[in-house]
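Below are the chains, spelled out letter by letter.
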Amino acid sequence: MTGAELEAILFRHMPPKFFARLLRAVFTAHKFAAEECAANFQPPEADNILGHYRRAKLEGFMRATAEMEGIGSAVVRSRLSAWNHTELRSGPVVLTASSVQSPCDLVEEADFRLTLARDNQGALWPEPGDEAAPGAPLYVLLLHSKSRWRHDDQVRYGRLPGSAYLAFPLPDLSGYAHDISLFDMFPHVVDSFLPQEWDQEAKVRYLLNTRKAATA
């Protein structure tokens, strides 16, 4: 399937306005996690717990956002660990969130991600001459990363996410068949969270750093 075809399936079952809300959830989760960890822990412990706190905030926001849009959600305990994760489902689409090290970076392997990604085989690479079966599952990742700043700016601006992408993983999680920058898709949402004191140069510099690295 082409990127346009994958987007058509995704947005048929999870409309663009839903992803605008999810992008707001990403910004809010990063903001709340940074502020609450700084207020309640010393810096070394805050640094240790921040990623877990941010994940907890975002997954709760995801379920609340899905409920507002009439999209199904479920908390699933991973079979091989004690971790819970949130799955959003609408029609054939299954969406989970993952934190990555850099914009649109590869996710870490996890049993549930591999299982869901393998389901993409029929949708992304049907047998020659065949089309994907109607209702074939389509797994999508909401990828987000933290922003990185010089020490003096980390306290003020570390609450901003470093990126937010939708990505369609290959069945072995070795890459993505297609990806969508939510920052590019909803610039008005991004702008509403940026510091008021920033000039245009500061905004452009931040946005450049939210883009994935170019590949050959």
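Sorry, what's going on with the overall build of the protein chain here?
Counting its secondary structure elements, the protein chain contains nine helices and six strands. Principal-axis analysis of the C-alpha atoms places the extent of the protein chain at approximately 55 × 40 × 35 Å. Buried positions account for 44% of the 216 residues belonging to the protein chain. Intrachain contacts of the protein chain at a sequence separation of at least 6 include 65% that bridge at least 24 residues. Here the protein chain displays about 11,700 Å² of accessible surface, and carbon together with sulfur accounts for 51% of that area. Considering the protein chain, the positive charge centre built from 23 side chains and the negative charge centre built from 27 side chains are found 5 Å apart.

How should I be thinking about unusual backbone geometry in this particular structure?
Excluding glycine, residues mostly carry a negative phi; peptide bonds, for their part, are mostly trans. In this structure, Cys 104 is a non-glycine residue whose phi angle is positive, near 60°. For Leu 173, which is not a glycine, the phi torsion comes out positive at approximately 65°. Topologically, Leu 173 is positioned in the loop between β5 (161-169) and β6 (176-181). Here Leu 173 falls in the buried class, since its relative accessible area comes to 6%.

Rules used in this analysis
Just so you know, the residues in each chain are numbered from 1, in the order the chain's sequence is written. In keeping with the predicted nature of the model, local features appear solely for residues at pLDDT of at least 70, side-chain atom pairs appear and are counted solely at 80 or more, and the whole-chain, interface and lining totals rest on all residues. Think of the side-chain values as coming from all heavy atoms in the structure, minus any hydrogens and water. Helix numbers and strand numbers start at the N terminus; a helix is a DSSP run of H or I with at least 4 residues, a strand a run of E with at least 2. Here's how the labels work: a residue is buried when its accessible area is under 20% of the maximum for its type, exposed when over 50%, partly exposed in between, all with a 1.4 Å probe on protein chains only. Throughout, a contact is declared for two residues whenever any of their heavy atoms are within 4.5 Å. Values of accessible area rely on a 1.4 Å probe in the Shrake-Rupley scheme; residue burial ignores everything except the protein chains shown. We treat Lys and Arg as the positive residues and Asp and Glu as the negative residues; His and chain ends play no part in the count. By convention, the point assigned to a charge is CZ for Arg, NZ for Lys, CD for Glu and CG for Asp.

Interpretation note: all reported values are geometric properties and have no functional meaning in isolation.
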